[in-house]
Amino acid sequence: MLGLRDILYEVKQFIVYYLQFSWLTILFLFDKKLPRECQKDFLVDDKPLDWYSRLKLYVRHKMNVYKLTWKVSKDTLKIIVNKNADAKMQRELENRTNKDENTLISRRRVFGSYALVGTQRAEYLQFKQDKKLSLSEATLDYLYSLKQLQNDNLAKFFGIQCNDDNMPTLTVLHTLVERGTLEEFCLDRDFEMNETFKSAFMRDMLKGLNYLHKGPIAHHGFLQASTCLIDINWVLKLTLYGVSNFICDAFDSTNVKLLDHAAPMISYPQYVCFPPEHIKEYDPTGKLPPRIVRGSQKGDMYCVGMILYMMIEREDPFMLIHSLERPNPNLVKDIIDNGKMPRVADEHNPEAKLLQKCQECWNRNPEERPDVRKILETIAIVYPTAKGNLVDQMMKMNEKYAAELEEMVSIRTQDLALAQVATMKLLNEMLPAAVAEDLKNGIVREPRSYESATVMFVQICEFNALMKKSTPNQTIMFLNDVFDQFDNVIKNHDAYKVETTGETYMVASGVPEENEGRHVYEIAEMSLEIREVSYRYKLSYNPSYVLRVRIGFHMGPIAAGVIGIRSPRYCLFGDTVNFASRMQSNSAPNQIQTSEITANLLMASKMYTFKKRGYVHVKGKGDVKCFWLNQHVHEGENGEPPLTHSVQMPSTSSEIKGVDETAIMHPLRKV
């Protein structure tokens, strides 16, 4: 059940709403100066609406105004203050770049403080409110229009917090933009502001200003390089616009004042860049502390001249920011009474026409100052190749570079293909072909164990004696020549040259690709062919020299894998490698020594002749029974000694019986 108080409240609300609607209807009938939004809505297809439709639109607009959509609730507002900065340091922090991150991409503003409106961050101006503000209908309509503004070059107006009982402050809020202010970029000598950046920032600023001038707000009022913000997409956005007159009215009526112990509202170098006619309205003596002044369209054009000057000269107009001296107290008076302007050099400057426009913007007669359109025309003349915003210009530059790169790429593609072939050739010399191909495709082959593989070592005998009689160049040429002939032998077999160490040559078969037990036959064939090469070898600078080699090989289990990242090598590990090395080191010149287990497997094929050497003491193994490999034998059909040429070995010992023996030939040399 509703109580009497609730019923009276509902009746009161109905009466208020009825009277409000009636008042709006009467106002509509007599209002000659309708809001611009209503005038725009009164036309549909360029035809005026009937009076009833016009009345509904008008009433709807007025009701929206009275909803106070621009008012920010104290419950949703929170001021975040940098704990490392006191009130005096906040303005300094906001005008200082992060020294730890100098790159353009990571560059961000450092804030002394910022506001949170719900979950969104905002720029703010805050003052102490001593009295409640009395907002006229015109002011309400103005603030509603300010809230409705939408433009790519304007930071969104959040609203105003005021007239709250438990929070005696007046707070003006705009969307926070993080990358930096135009003032920071202009004064940062490390930032290369070329004509691409200049023209883009100038156009963005003037587009936003033109939108304000042609709309219901009609002016910016607080146009400074510090209120031109660069967002993450390198688009310039104007902030703190349209509120200067509202704040000045509040100051003049003594409703608000600066917060206790607060930093100055604006710095002195910023203050002297305001239009002199508006500074004079606030302080004709030039002795009062800096403060926001009133704004107008012509006053905005004066500020445009100051900002353009700062972008061209990369210095604040009156050289105050980097000055170590205290500001001249008579400077404001000189600006107001004596027409003092920033210094413009007489020397030739490619941007001289733009500087001339700056001087026109500083004309003490506001009516003679140029408008936005004339400034845009001058920018188009001074920067003829730079059009559009920064993103548009970057896209055009990329298209130009892409066209140039297409031609360059077509030229370099063939060079790249040749380089890739050379790289693969070198990689194949360092690694087995299958492993090299995997590395090329980004595949890292895991190390693994092999049940059976054969390793062979070949050592040049009496190498130290030859080296003493040869120059370094001759020694290197000798090794290259010998090992190159050994390489030619390997190319005809399923084997891989593991490495060369000094005068020792190491070969393996059965890794990394297993070959069904053929590895021992491949190594046996290669050992005979390499020995045959040594018999035929002639040393060019020492014809009497006789090349002799010491060869040993062994078959057994092995572990293998790629070692190294910058210089990868395919390395073999295990007792089989050590045993093969011992077979070579204990061998005799021009002899091929192998272990008993390896010799037994080859003798079972009946294709090789061996000579029993007997027991040899092998380090780590004790006495080991060893054999000399003499030849790969076969008698011709006419009983003649076998011929010398390459052979294809059977894949397994079980296939030996089915092999046509007339096809099995060998390099014959009895020792």
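Residues numbered from 1 in each chain as written. Predicted model: local features only at pLDDT ≥ 70, side-chain atom pairs only at ≥ 80, totals over all residues. Heavy atoms only, no water.

## A few points about the overall build of the chain
Looking only at helices and strands, one finds 21 helices and 19 strands in the chain. The buried share among the 671 residues of the chain stands at 47%. For the chain, the share of sequence-separated contacts (at least 6 apart) that also reach a separation of at least 24 residues comes to 72%. In the structure as shown, the chain presents an accessible area of about 36,400 Å², 53% of it carried by carbon and sulfur atoms. (Helix = DSSP H or I, 4+ residues; strand = E, 2+ residues; numbered from the N terminus. Buried < 20%, exposed > 50% of the residue type's maximum accessible area, 1.4 Å probe, protein only. Contact = heavy atoms within 4.5 Å. Areas by Shrake-Rupley, 256 points an atom, 1.4 Å probe, with all protein chains shown as cover.)

## Digging into empty space enclosed by the protein
Any empty space left between the atoms is revealed when a probe the size of a water molecule rolls over them. This model, assessed by the stated rule, comprises 3 cavities of 30 Å³ or more. Surrounding the largest cavity, 15 residues form its lining, Gln224, Ala225, Cys273, Met310 and Pro317 being those nearest its centre. For the lining of the largest cavity, the secondary structure elements donating two or more residues are helix H9 (268–271) and helix H11 (297–313). Top element by residues in the lining of the largest cavity is H11. It accounts for 4 residues. Of the residues contributing to the lining of the largest cavity, the split by class is 10 nonpolar, 3 polar and 2 charged. (1 Å grid on protein atoms, 1.4 Å probe; cavity = no way out; pocket = protein on both sides within 12 Å on 5 of 7 lines; lining within 4 Å. Points joined across faces, edges and corners; volume = space filled by probe spheres on them. Nonpolar A, V, L, I, M, F, W, Y, C, P; charged D, E, K, R; others polar.)

## So, the pattern of salt bridges
In the structure shown here, the tally under the stated rule is 19 salt bridges. The partner of Lys132 in a salt bridge is Asp165, and the shortest N-O contact between them spans 3.1 Å. Of this pair, Lys132 sits in the loop between strand S5 (120–129) and helix H5 (137–148) while Asp165 is found in the loop between strand S6 (157–161) and strand S7 (169–175), placing the two residues 33 residues apart along the sequence. Glu514 serves as the salt-bridge partner of Arg448, at 3.5 Å between the closest nitrogen and oxygen. (Salt bridge = Lys/Arg side-chain N within 4 Å of Asp/Glu carboxyl O.)

## A look at the nonpolar core
Core analysis: the biggest nonpolar cluster contains 84 residues, and Ile160, Leu170, Leu182, Met193, Phe201, Met205 and Leu238 have the highest contact counts within it. Counting 38 residues, the second-largest nonpolar core is a separate cluster that includes Val507, Leu547, Leu602 and Phe610. (Core = buried A, V, L, I, M, F, W, Y, C linked by side-chain atoms within 4.5 Å.)

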